[in-house]
Amino acid sequence: MQDFLELAVSATASGCVYGLIALAYLLMIRPTGIINFAVGEWAMVAAFGGHLLLSRYEWNYAVGMALVLGFMFAVGLVTERVAVRPLVRQPILAPILALLGVLVVTRELISVSFPPDPLPVPFPFGIGRLEFGPVGGSYQNFFIIGLTLLTFVAAWLFFEKTLWGKAFEAVALNRRAAALMGINLSRVTAFSFGAGAAVAGLGGLLVSPNVSAHYLMGVPLAIQGFTALVIGGVGRVEGALLGGLLLAFAEQLTIRYAPIPGGYAQGVPLLFLIVFLVVRPTGLLRAKA
Amino acid sequence: MKTKILEIKNLTKRFGGLTAVAGLDFEVREGEILGMIGPNGAGKSTTFNLIAGAYPASGGEVRFAGENILGLPPHRIAARGVLRTFQHNRPFSGMSVLENVLVGAHTQFRGGVFSAKAREEEAQRRRRAQELIEFVGLGELREADVGTLSFGQGRLLEIARALAGEPKLMLFDEPAAGLTPAELERLAGIIRGIAARGIAVLLIEHDMHFLLPLAHRVVVLNFGAKIADGLPDDIRANPAVTEAYLGSSHAAAR
Amino acid sequence: MIRFLVAFIVLAAAPFFLGDYHNDVYRKMLLWIALALGYNFLFGICGQVAFSHFAFYGIGAYSVVILLFQLSVPLPLAILLGIGICVLVALAVAIPSTRLEGFYLALATLALAQLFVVILNEGGAVTGGTGGIANYRLPSIFGFQVRGPWYTAVIVLLVLFTYWILARLDRSWFGRACRAVRDNPEAAAAMGVDVARTKVIAFTLTSALAGIAGMVYAFVDNTVNPPIFGLDNAFLLLFMVIVGGSGRHAGAVIGAALLFLLPFWLSPIVGHHHVLVFGVLMLAAILLQPQGLIGVFDSIRRKL
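Since the model is a prediction, treat every value here as computed from it, not as a measurement. (Residues numbered from 1 in each chain as written. Chains lettered and ligands numbered in written order. Predicted model: local features only at pLDDT ≥ 70, side-chain atom pairs only at ≥ 80, totals over all residues. Heavy atoms only, no water.)

A.B. asks: Account for the overall build of chain B, with residues named and values stated.
C.D. replies: Each helix and strand in chain B was counted, giving nine helices and ten strands. Relative to its length of 254 residues, chain B is compact, with a C-alpha radius of gyration of 19 Å against a globular reference of 18 Å. Seen through its principal axes, chain B has C-alpha atoms that stretch 60 × 40 × 40 Å. Looking at chain B as a whole, 52% of its 254 residues qualify as buried. Long-range pairs, those at least 24 residues apart, make up 66% of the contacts in chain B with a sequence separation of at least 6. Only carbon and sulfur atoms are counted for the fraction: they give 52% of the accessible area of chain B, which is about 11,100 Å². (Helix = DSSP H or I, 4+ residues; strand = E, 2+ residues; numbered from the N terminus. Rg over C-alpha atoms; globule rule 2.2 N^0.38 Å. Buried < 20%, exposed > 50% of the residue type's maximum accessible area, 1.4 Å probe, protein only. Contact = heavy atoms within 4.5 Å. Areas by Shrake-Rupley, 256 points an atom, 1.4 Å probe, with all protein chains shown as cover.)

A.B. asks: Mind laying out the layout of surface pockets, listing which residues take part and the relevant values?
C.D. replies: For the second largest pocket, the calculated volume is near 1,200 Å³. Every residue lining the second largest pocket is counted, 39 residues in all, and those nearest its centre are Leu216(A), Pro220(A), Leu221(A), Gln224(A) and Gln266(A). Listing elements by their share of the lining of the second largest pocket, those giving two or more residues are helix 1 (2–32), helix 5 (139–161), helix 8 (185–211), helix 9 (218–232), helix 10 (237–257) and helix 11 (267–279) of chain A together with helix 5 (102–122) and helix 11 (231–244) of chain C. Here the residues of the lining of the second largest pocket sort into 23 nonpolar, 13 polar and three charged. (1 Å grid on protein atoms, 1.4 Å probe; cavity = no way out; pocket = protein on both sides within 12 Å on 5 of 7 lines; lining within 4 Å. Points joined across faces, edges and corners; volume = space filled by probe spheres on them. Nonpolar A, V, L, I, M, F, W, Y, C, P; charged D, E, K, R; others polar.)

A.B. asks: So what's going on with the nonpolar core? Which residues, and what values?
C.D. replies: Counting residues in hydrophobic clusters, the biggest one holds 200 residues, and the most contacted among them are Phe37(A), Phe51(C) and Phe229(C). At 16 residues, helix 2 (residues 20–45) of chain C tops the list of elements feeding residues into this core. Setting aside chain neighbours within four positions, we find Phe229(C) in contact with Phe54(C), Ala55(C), Tyr57(C), Gly58(C), Ala61(C), Tyr62(C), Phe116(C), Val117(C), Leu120(C), Tyr217(C) and Val224(C). (Core = buried A, V, L, I, M, F, W, Y, C linked by side-chain atoms within 4.5 Å.)

A.B. asks: Let's hear about the confidence of the model for chain A: which residues, and what values?
C.D. replies: Confidence in the prediction of chain A, expressed as mean pLDDT, is 88, and 99% of residues score 70 or more. By mean pLDDT, the top-scoring element of chain A is helix 3 (residues 61–84) of chain A (94), and the lowest-scoring one is helix 7 (residues 175–180) of chain A (77). (pLDDT = per-residue confidence, 0-100.)

A.B. asks: Account for the sheet that holds strand 10 (residues 225–230) of chain B, with residues named and values stated.
C.D. replies: Residue and element names in this part refer to chain B. With mixed pairing, six strands are arranged side by side in an open sheet as 6-7-8-3-9-10. Among the strands making up the open sheet, the edge pair consists of strand 6 (82–84) and strand 10. The mean angle between the axes of side-by-side strands here comes to 20°, regardless of whether they run parallel or antiparallel. Here strand 6 pairs with strand 7 (residues 169–173) via three bridges, running parallel. (Pairing = 2+ DSSP bridges. Axes fitted to C-alpha atoms, helices over the stretch in contact; angles between N-to-C directions.)

A.B. asks: Tell me about the packing of helix 11 of chain C against helix 12 (residues 249–270) of chain C, and name the residues and values.
C.D. replies: Residues and elements named next belong to chain C. The interhelical angle for the contact between helix 11 and helix 12, taken along N-to-C directions, is 120°, at an axis separation of 7 Å. Relative to helix 12, the element helix 11 lies oblique. The interaxial crossing formed by helix 11 with helix 12 has right-handed handedness. Listed contacts from helix 12 to Leu 236, Phe 239, Met 240, Val 243 and Gly 244 of helix 11 are Gly 251, Gly 255, Ala 256, Leu 259 and Phe 260. (Parallel < 35°, antiparallel > 145°, perpendicular 65-115°, else oblique. Left-handed = near helix turned anticlockwise from the far one by under 90°.)

A.B. asks: Any chance you could break down the interface of chain C and chain B for me, citing the residues and the numbers?
C.D. replies: With 24 residues of chain C at the contact, the number on the chain B side is 28 residues. Buried surface at the junction of chain C and chain B, both sides included, amounts to about 2,300 Å², of which 64% is carbon and sulfur. Broken down residue by residue, the surface that chain C buries against chain B is led by Trp173(C), Arg176(C) and Met191(C), which jointly contribute 36%. Viewed at the interface, chain B and chain C are joined by two salt bridges. The partner of Glu186(C) in a salt bridge is Arg90(B), and the shortest N-O contact between them spans 2.7 Å. Where chain C packs against chain B, one counts six residue pairs in polar contact (both at pLDDT 80 or more). If one sorts the elements of the side of chain C that touches chain B by residue count, helix 8 (residues 173–183) of chain C sits on top with eight residues. Classifying every residue of the side of chain C that touches chain B by side-chain character gives 13 nonpolar, three polar and eight charged. (Buried area = accessible area lost by both parts, 1.4 Å probe. Salt bridge = Lys/Arg side-chain N within 4 Å of Asp/Glu carboxyl O. Polar contact = N/O pair within 3.5 Å; in protein donor to acceptor, adjacent residues only side chain to side chain.)

Written out as C-alpha cells, the structure is:
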C-alpha cells in the first residue's frame, strides 16, 4: 500500500507535467484549430533556459524562472508571427506543417548551441522529502503539483471569468462571427501562442530537474501531452489535467506491476493515443454546450 | 403522362426537439422542372439534404426509380443517377475545369485502372466532358484553373460537373443566388435544356421571379410541411402562399 | 514503354562506372526517391498526412529478413508474405482512421511509427533488439548471386516500377478521385466517389509500396536496425515532398534527391546539423513557395 501511495504521488506529478503540455496545446487549438507539435520543443527550450540561468549562472530561482517563462511567452509570439500569421488564408494544414518545421529548427538550434549530453537543472527546494501521513514524495513532486494546480486554476478562471477568456471562446466557436463582433483575431491568436509557449515552458522547467535538459526530450513530451489532450478532450481545461493524470497513472502502474519488459513502457502513451483516437477521439470530458 | 422518377412519401426529419420536415409528400417526373419554394426555415434545404443523402431521415421514404434511397450514403445515391449542385460553389481547387467535370463522371467509369479499356474510356469521357463544358457556356475555359473562375462561372462548373454523372435527376440548391441578370438568363436556358433531355429537375430557390417562369410545377413549403402544390400561376394566386411569405416577413420585422 | 527501357538502361548502367562509395550513395538516393514517390501520392495527391511510411518500410525489411533467415521461408514466398503483412497492417490502420477527421490519421500514424520502433527495440531474439539484425546475404536467385551494381539494377527497377504504377493511377479516374477527396471530400462524395474506400486504397497501396522498398533495402547494407525506421526519417520524407513540390512526381524526385544529397555537400559547413537546413527549407517552402521547387522551375519556365 505504501508502495502504491508512493507511486501515486509520483504519477500525479508526471500527470501534472503532461497536463501542462496538454493545456499548452489546448490554448492554441481552441481559437485556431492548429495542432502545434512544437510544444515539446518549447518545453525543451525552457529546460535549457533553466539550466543556463539557474545552474550555470546560478541566479535566484524565482527570478530565473520568471525570466525563462517571460522569454517563452516571447518565443510563442514570434512563432505565431513567423509561422502562423502569414498562412492565415491557407488551409489549416499549412501552419501545422510550418510548425513541424519550427519544431525541427528549434531542436537543431538548441543542439548546436549546447553540448550533447544531458545538462543539469537545479531543484528549487533541494532533494528533500515531504510527508503527509502515509502520503509522501519529493519536494519537487509537490512543487510540480502545486504549480500545476495554480496554473490550471488560473486558466479556468481566465476562460470562465475574464473578458479575454470569453473572447477566446467566441473565436473558438466561430472565427468569422467573432471578428464581426470586433474581436481582434490576430491578437487572440498571438496571445494564445504566447500563453501556450509559457505553459509548455513551465512544464519543461518543472520536469527538467528530474530528467535533465536534453535536446531530444521534446518529441516524447509532445506525444505524451497530446495523448493527454486526446484522452481528456479539447472542450474543457480540466480535461487536459485529467488526461495527463490518467495517462501518467496508466504508465506508472504498467511499469510497476505489469509483467512486461520495462522498455515497453514507452509504448503505453502510444497505445493509449491510438485507442482513444479510434474509439473516442473527442475525449472523455464533453465540452460545455 | 411522363413517368414519376422521384416520389417523396411522408418524409420526416427531427433535429432533437425541432421538426424540420413533417410528413412531406410530392413527386417529380422525367423531363419535369419541379420548383420548391418557401420562406426561410421552411425545410427546403433539409428536404434537399435528405434526398441527397447528407443525413438520415426520421421517417418516410424517398423512392427514386422505384427504389427507396433513403439512408444511402451520398456516393451511392450519385451512382444511381441523382446528382446535385452546391449552393456555395465547391470546386476541386487543385484541378482544371475539365478535370473537375471529369470527377463528375466518376460513376460512369467502368474499367479498372490497368485494364485495356481504360484509355479508350478516358478519351470517351473527356469528349463528353468537353461537350458539357460547351453546353453550359464555359467552352474556352476548359483548361483553366478553377481558382480563376468568377462566381457565376463557378456556378456553371457545378452544373457541368453534375451533368457529367449522366443524371436521371438533377438537384439544384439555390442556383440563382448571387448571379447577375445575364447569368440568370443563361442559367434558365441551361435548366430548360437539361429538362428537355428528359432529366428530372428538382429546383430549390428563393428567387420567385426566377423560379415561377421556369418551373413546370411548384411545391410550397412552410414549417416543414407542404402548403401548396400546383402550376406556377396557381401558386402565384394562392392566398396561403402569400400569407406564408408575408407572415414570415412580419415575424422577421418584429 | 521505350522511355522506361531507356531510363532503365541509363540508370542501371551508371553504377558500373561508379566506385563503391558513390554506388552506395546512388542506391540510397534511389531508395529515397522510391519512398518519396509513394509518399507524394499519399500526401500530395490524396491529401492524407501520415507518418507511417517508414514504419512500413521497416515492416517490409524486417519481415523479409525474419522470414528468410529465422523461418527459412523461400525467397519468393517471403516476398509475398512480406507484402501481405504490410497490406494487413495498412488496412488495420486505414480502415478505422478513415472515420476520423483529417489530422487524426496523422496522429494515429505518428503513434504507430513510434510504437513500431519500441517493438523493434524490445523484440529480443526476433527483431534483434536495439542492434537489429545483420550479417545475412541475399540468397542466390537461379544460381546467380545478385550483388553490387547488379543489385543496384534491382533498385532501379523498383523505382521505375513505383513510378509506373503511381503515374498510371494518377492519370486515371482513381487519381482524380484521390485529388477530389483531397480538395473537397463532400463534393467528391456527391459526385459518386466513395471517399472512405478511396482513402483506404491509397493508404494501403502506398504503404505496400513502401514495404516492397523496405524489402529491397534489407539487402543494401545487409543490416536492419530500429533508428532508420523512426520518426526522424518520416519527417525528412515529408520535408522532401514539400520542398520538392507536393502533388507532382517530379517534385518528389527532386525533393528526395536534393535533400538526400544536401548533407554531403553541406557537412563541411554545418556538420551533423543539416537537419537545421532541412527545417529552414521546409519553412521557406511553406511560407514562400507552396508549390515547392517544381513551382519555382515552372515560374522560371513561364517567364522564358
